[in-house]
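# Residue-level structural notes
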Amino acid sequence: MFPFEITPLDEELNAEVMKDFIGERNGYVQVGPKKWFFPAAYAQHAENFYNFPIKEDDVWVITYPRSGTTLTQELVWLIANNLDYETASNVPMDERFPFLEYIIFHDEKFHAEVREINNNHPEVERKLALWRKPVYDWDIPSPRLFKTHLPLSLLPPDLPNKCKVIYVARNPKDVAVSYYHHNRLLKFFDYQGDFEKYWHYFQNDLLTYSPFWEHIKEGWEVKNKENVLFLFYEELSKNMPDCIRKVSKFLGKTLTEGDICKLNNHLRIDNFRGAVRLPHDVKGLKNTREQGFIRKGKVGSNEEYTGILKERASEWIKEHSTILPSNFSLIQV
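A brief structural summary.

The rules behind these values
The residue count restarts for each chain, going from 1 along the sequence in the order it is written. Reporting of local features is limited, given that this is a predicted model, to residues whose pLDDT is at least 70; pairs of side-chain atoms are given and counted only at 80 or more, and all residues count toward the totals for whole chains, interfaces and linings. Computation of side-chain values covers all heavy atoms of the structure but excludes hydrogens and water. Here, strands pair whenever DSSP counts at least two bridges between them. Only runs of H or I of at least four residues qualify as helices and only runs of E of at least two qualify as strands under DSSP, and these elements are numbered from the N terminus. Think of each axis as a best-fit line through the C-alpha atoms, taken over the contacting stretch in the case of a helix, with angles from 0 to 180 degrees between the N-to-C directions. Here is the rule for handedness: rotate from the far helix to the near one, and if that takes an anticlockwise turn smaller than a right angle the crossing is left-handed, while a clockwise turn gives right-handed. Pairs of residues are marked as contacts when any of their non-hydrogen atoms sit within 4.5 Å. In this count, Pro and Cys sit with the nonpolar residues alongside Ala, Val, Leu, Ile, Met, Phe, Trp and Tyr, while Asp, Glu, Lys and Arg are called charged and the others, Gly among them, polar. In this scheme, a residue with accessible area under 20% of its type's maximum is buried, one over 50% is exposed, and one in between is partly exposed, where area comes from a 1.4 Å probe on protein chains only. The salt bridge definition used is simple: a Lys or Arg side-chain nitrogen within 4 Å of an Asp or Glu carboxyl oxygen.

### Notes on the sheet that holds strand E7 (residues 228–232)
The strand order E5-E4-E6-E7 describes an open sheet built from four strands, whose pairing is parallel. The sheet terminates laterally at strand E5 (145–148) and E7, the two strands that pair on one side only. When the angles between neighbouring strand axes are averaged without regard to direction, this sheet yields 15°. Sheet topology places strand E4 (residues 59–63) next to strand E6 (residues 164–169); five bridges connect them, and they run parallel. For Thr 63, the partnering residue across the bridge sits in E6 and is Val 168.

Structure below.
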């Protein structure tokens, strides 16, 4: 059973969005009273995502996209797996830390194009077949680690009470810029417009996984639960050693100061960018003219905001950021 209504996006608006996001072939839907925004393929899997059986030793990393997800995955995986750097460097992230809803981006027509580009290479077909198989049908040994960008209200209701949840939030200005470049990079989005138009979609909750503020709010509302660790990307960026200590304590692991120092060095953006194996290295998945999947990793200093757009963004953040404490840079405008 799935408790929310799923409705197709207004026809005219759907056509406008698809004109800018040419990688989406089937249109968009909105979910429930908060109007969560997804590719139409979400509807086929919504009930299975919502009713996914949870195990008490699961660990879930939940974020709105481009909030430090991959960095947090690497941090969590290494701590949970006794700092096994060798396996981390050899096994792609999507195979050791599955992305729950990745299937909603993998259209069979798109995969046919990727296969052709790669001359039907068997390893490419293995990866594509893996992505077409719903994670809820994977046979994953415990303890299981999952990544998702789904908001908590669309995930199993007992999730934050039954297993470990790490929620990471980030300044929306930085999120929007990073998501913009991400959506230009990956061909199953293939965004064609400029950043000002992209901000319009972001501010009006017309990007996949939006609305942004409702996503953050749902994470914030459970932050005091024993099984939940709420982090800000800004914390990870400015004081990673302290975050390593928080996560290791949360997961019941003990690290020496030497372990923390080595892990901190591994997670420095320039080192991490070259070390982690990502699923997007298959030819045909990326627009090679665009910036890479792991970009700058910086806090602020986004040149995309100029003039009136900068003012609009700041006002929008002021209007919506009352749920968060003033001492965090997430709400600084």
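Read on for the rest.
### Observations concerning the packing of helix H9 (residues 172–185) against helix H10 (residues 195–203)
In the contact formed by H9 and H10, the axes pass within 10 Å of each other and the chain directions differ by 115°. Here H9 runs over H10; the crossing is right-handed. Where H9 approaches H10, its residues Pro 172, Val 175, Ala 176, Val 177, Tyr 179, Tyr 180 and Asn 183 are matched on the opposing element by Phe 195, Tyr 198, Trp 199 and Phe 202. When grouped by side-chain class, the residues that make up the contact of H9 with H10 number ten nonpolar, one polar and no charged.

### Some thoughts on unusual backbone geometry
In this structure, Pro 143 follows Ser 142 across a cis peptide bond, with omega equal to 0°. With respect to the helices, strands and loops of the structure, Pro 143 is situated in the loop between helix H7 (122–132) and E5. The step from Ser 210 to Pro 211 runs through a cis peptide bond, and the omega angle for that step is 15°. With respect to the helices and strands, Pro 211 occurs in the loop between H10 and helix H11 (212–221). A positive phi angle, close to 55°, is found at Asn 82, a residue other than glycine. Along the chain, Asn 82 falls in the loop between helix H3 (69–80) and helix H4 (85–90). The exposure class of Asn 82 is exposed, given its relative accessible area of 61%.

### Here's the deal with the pattern of salt bridges
Any two side chains of opposite charge can pair, given that their charged atoms come close. For the structure on display, the rule yields 18 salt bridges. Two residues, Arg 25 and Glu 113, come together in a salt bridge whose shortest N-O distance is 3.0 Å. Taken together, the residues Arg 25 in the loop between helix H1 (11–20) and strand E2 (28–31) and Glu 113 in helix H6 (residues 108–117) connect sequence positions 88 residues apart. For Lys 318, the salt bridge goes to Glu 315, with nearest N and O atoms at 4.0 Å. You can see Lys 318 and its partner Glu 315 sitting in helix H16 (residues 307–320), three residues apart, about one turn around the helix. Owing to a relative accessible area of 42%, Glu 315 belongs among the partly exposed residues under this scheme. Through salt bridges that share partners, Asp 94, Glu 95, Glu 123, Arg 126 and Lys 127 make up one connected network.

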